[in-house]
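Residue-level listing of the chains:
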Amino acid sequence: MTHTMDGVISYVISIFTCLDSPAIQENRVTTVQCLSGTGSLRVGGEFLARHYHQRTIYIPQPTWGNHPKVFTLAGLSVKTFRYYDPVTRGLNFQGLLEDLRSAPSGAIVLLHACAHNPTGVDPTPQQWEQIRQLMRSKALLPFFDSAYQGFASGNLDADAHSVRLFVGDGGECLIAQSYAKNMGLYGERVGALSIVCKSADVASRVESQLKLVIRPMYSNPPIHGASIVATILKDRNMYQEWIIELKAMADRIINMRHQLFDALRSRGTPGDWSHIIKQIGMFTFTGLNSEQVAFMTKEYHIYMTSDGRISMAGLSSRTVPHLVEAIHAAVTRLV
Ligand SMILES: Cc1ncc(COP(=O)(O)O)c(C=O)c1O
């Protein structure tokens, strides 16, 4: 195993674990190891700001709080497209299509590959296909953020569906990947940026430009965590063990969704809580407002982001009753 500036995991990325992907076989994908998901987004942003003809990136409204900062500091101009409908607590699909339709041709569009943070709301496969068709017809450049592959459904392939749909049409895209959650390597900062190009020649030129972005920023990535990832991805037995554990994690999160939903229903807490079981991934966008969140923090010592997002991974059967009491008190006292 060699350690180069593009890192030890540059040759294997689970988003393409179907190694028969034409993009991989035709050497049209360039991958550089980066500092987890955040660093991959930042390197991709810097590369685009330097070399891409459009400097505007559209991000979903809402999105992970760090996205606007990462891309603004990388030199891109950040705009938003509609994504979430607070009334249905689901996807605002019409709003999304309208906003992408009116984006300038060539603009960059940040898409969460799966398990959208903070809403837990993902497009269906049919909706992804419509998004793909619209984006390709307007030459919008997809930039996927894949921070939770395997955490949404428990299946790496199912969670890579959106990315593979775009890669499958032969067009260009960027993918920022994190192994922080799905391999439990948060502190090791392991991630990768892949750029799928139209030809092998472009991919090799893109790679040399990526190295020029990385060299003055942090020279090269740390070796230890990435060696763990590479060892697991290359070893059939370890890989099997990993996907079994990943599924157990995803199933536990889904189980916590059901426990919380059932407990709220049995408690008779006012409101329709079905979004808890419909949303996907680590987070639930509860719909609680900032006053209710502050009340729950003060009175029940329950901590969540002020937009009402809770991490399902942080819940256990033991803590569900306390959370339900807090939610019940919050929604009955503070409407
Ligand atoms: C949507 C999204 N993208 C990227 C990241 C960053 O991941 P990492 O910790 O690997 O930098 C996160 C982490 O919270 C996230 O939720």
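What counts, and at which threshold
Residues numbered from 1 in each chain as written. Predicted model: local features only at pLDDT ≥ 70, side-chain atom pairs only at ≥ 80, totals over all residues. Heavy atoms only, no water. Core = buried A, V, L, I, M, F, W, Y, C linked by side-chain atoms within 4.5 Å. Buried < 20%, exposed > 50% of the residue type's maximum accessible area, 1.4 Å probe, protein only. Helix = DSSP H or I, 4+ residues; strand = E, 2+ residues; numbered from the N terminus. Domains from an automatic or database assignment. Pairing = 2+ DSSP bridges. Right-handed = clockwise from strand over helix to strand, strands pointing away. Contact = heavy atoms within 4.5 Å. Buried area = accessible area lost by both parts, 1.4 Å probe. Salt bridge = Lys/Arg side-chain N within 4 Å of Asp/Glu carboxyl O. Near = heavy atom within 4 Å. Polar contact = N/O pair within 3.5 Å; in protein donor to acceptor, adjacent residues only side chain to side chain. Areas by Shrake-Rupley, 256 points an atom, 1.4 Å probe, with all protein chains shown as cover. Nonpolar A, V, L, I, M, F, W, Y, C, P; charged D, E, K, R; others polar. Phe/Tyr/Trp six-rings, centres within 6.5 Å; stacked < 30°, edge-to-face > 60°. Lys NZ or Arg CZ within 6 Å of the ring centre and 35° of its normal.

### Concerning the nonpolar core
Alright, step 1. One finds Leu260 and Met296 to be the most contacted residues of the largest nonpolar core, which totals 45 residues.
Alright, step 2. Elements that contribute at least two residues to this core include exactly helix 9 (224-234), helix 10 (236-267), helix 12 (290-300) and helix 13 (320-333).
Alright, step 3. Composition of this core by domain shows at least three residues from each of domain 1 (14-234) and domain 2 (249-333).
Alright, step 4. One finds Tyr58, Tyr83, Leu97 and Phe144 within the second-largest nonpolar core, a separate group that totals 30 residues.

### Topic: the pairing of strand 7 (residues 141-146)
Alright, step 1. Within strand 7, six of the six residues are buried, leaving the element largely enclosed by the surrounding structure.
Alright, step 2. Neither face of strand 7 is exposed, since Leu141, Phe143 and Asp145 on one face and Pro142, Phe144 and Ser146 on the opposite face are all buried.
Alright, step 3. Of the pairings in the sheet, the one linking strand 6 (residues 108-112) to strand 7 comprises five bridges and is parallel in character. Pairing of Ile108 across the sheet is with Leu141, part of strand 7.
Alright, step 4. A crossover links strand 6 with its parallel partner strand 7, the connecting element being helix 5 (residues 125-137), and its sense is right-handed.

### Some remarks on the domain arrangement of the protein chain
Interface size is commonly expressed as the accessible area that is lost once the parts come together.
Alright, step 1. For the protein chain, the assigned domains are domain 1 (14-234) and domain 2 (249-333).
Alright, step 2. On a C-alpha basis, the centres of domain 1 and domain 2 stand 29 Å from each other.
Alright, step 3. On the side of domain 2, 17 residues touch domain 1, which itself brings 17 residues to the contact.
Alright, step 4. Of the roughly 1300 Å² buried where domain 1 meets domain 2, counting both sides, 64% is carbon and sulfur surface.
Alright, step 5. Summed over the three residues of domain 1 that lose the most area to domain 2, namely Arg89, Pro118 and Phe151, the buried surface amounts to 45% of that side.
Alright, step 6. Counting across the interface, domain 1 meets domain 2 through zero salt bridges.

### Thoughts on the site of the ligand
Alright, step 1. Around the ligand sit 14 residues, and of these Ser36, Thr38, Asp145, Tyr148 and Ser178 come closest.
Alright, step 2. At a separation of 2.6 Å, an oxygen atom of the ligand approaches a polar side-chain atom of Ser178.
Alright, step 3. Considered on its own, the ligand offers 400 Å² of accessible surface; in the complex 94% of this is hidden by protein.
Alright, step 4. The element best represented in the shell around the ligand is helix 2 (residues 36-51), accounting for three residues.
Alright, step 5. Class assignment for the residues of the shell around the ligand results in five nonpolar, six polar and three charged.

### Concerning the packing of aromatic side chains
Alright, step 1. In total, this model carries eight aromatic pairs according to the counting rule given.
Alright, step 2. Aromatic side chains Phe81 and Tyr83 sit 6.5 Å apart centroid to centroid with 70 degrees between the ring planes, which places their arrangement in the edge-to-face category.
Alright, step 3. The buried category is assigned to Tyr83, whose relative accessible area is 6%.
Alright, step 4. Ring plane angle 85 degrees and centroid distance 5.9 Å describe the contact between Tyr148 and Phe283, whose orientation is recorded as edge-to-face. Separated by 135 residues along the polypeptide, Tyr148 in the loop between strand 7 and helix 6 (156-159) and Phe283 in strand 10 (residues 283-285) bring together distant segments of the chain. There is no split in this pair, since Tyr148 and Phe283 are both buried.
Alright, step 5. Ring-pair connections join several aromatic residues into one group, and the members of that group are Trp128, Phe144 and Phe166.
Alright, step 6. Over the aromatic face of Tyr186 sits the side chain of Arg189, whose NZ or CZ is 4.9 Å from the ring centroid.

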